[in-house]
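Given next are the chains, with one letter for each unit.
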Amino acid sequence: MNDDLPSQDPALLRRLLRAKDRMDAASSEDWPVQRLADVSGVSEAHFARSFKDAFGIPPHRYLLTRRIERATALLRDTDQPITEIAFQTGWESLGTFGRTFRDITGESPSAVRARARAEAQEPGRVPVCILGAAQRPDLTTAVSEKRRREAIAINGPSNKEIL
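Definitions and limits used
Residues numbered from 1 in each chain as written. Predicted model: local features only at pLDDT ≥ 70, side-chain atom pairs only at ≥ 80, totals over all residues. Heavy atoms only, no water. Helix = DSSP H or I, 4+ residues; strand = E, 2+ residues; numbered from the N terminus. Contact = heavy atoms within 4.5 Å. Areas by Shrake-Rupley, 256 points an atom, 1.4 Å probe, with all protein chains shown as cover. Polar contact = N/O pair within 3.5 Å; in protein donor to acceptor, adjacent residues only side chain to side chain.

Chemist: I keep staring at the overall build of the protein and nothing clicks. Help me out?
Modeler: Across its full length, the protein holds 10 helices and zero strands. The secondary structure elements of the protein, listed N-terminal to C-terminal, are α-α-α-α-α-α-α-α-α-α. Partitioning the contacts of the protein with sequence separation of at least 6, the portion at a separation of at least 24 is 54%. Split by element, the accessible area of the protein, about 10,800 Å² in all, is 53% carbon and sulfur.

Set out below in structure tokens:
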């Protein structure tokens, strides 16, 4: 939200938030400005201007951002085909989805998926203490062997070790 926010009418802000919440809850649906203005109870022009003043971006751009965020999460967390993700997140065309996704994120959907999978395989995502413990020899054997050697150094060899 920008610096003009305090000067806006609190009732109008509540109505704008209602429209924003509806977009958040159903970002895959079509949300033309007329529909959003109806949810907010104001004219189209007043809604578009007030939304941008309150949230810093036009409503359409906000909706695109929400769709891309959802698509990114699905690419990262599921094995669904990219086409299915595109349609599930509200796109009518795979080409439009790919172009818009690249414009907003700087990467193609397949590149985002590939990077997410590669990052999940990197040992850097595992805490160093856990990684180190996993690469150590069996700690029970290592500790007992160390103690046995220390005992021999202090007490001399036992009868078992001489035989």
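Chemist: Please explain the side chain of Thr 100 as it appears in this structure.
Modeler: Counting through the fold element by element, Thr 100 comes out in helix 6 (residues 94-105). Separated by 2.8 Å, the side chain of Thr 100 and the backbone oxygen of Thr 96 make a polar contact. Residue contacts for Thr 100: discarding those within four places in its chain leaves Leu 64, Ile 68 and Trp 91.

Chemist: Even after reading the chapter, I still don't get the environment of Arg 113, so can you show me in this structure?
Modeler: Relative to the assigned elements, Arg 113 resides in helix 7 (residues 109-121). In the structure, Arg 113 is positioned 31 residues away from Ile 82 in sequence and 9.2 Å away in space, judged by C-alpha atoms. Setting aside anything within four residues of it in sequence, one finds Arg 113 in contact with Leu 74, Leu 75, Thr 78, Asp 79, Gln 80, Pro 81, Ile 82 and Ile 85. Within the local environment of Arg 113, its side chain forms a polar contact with the backbone oxygen of Gln 80, the two atoms lying 2.8 Å apart.

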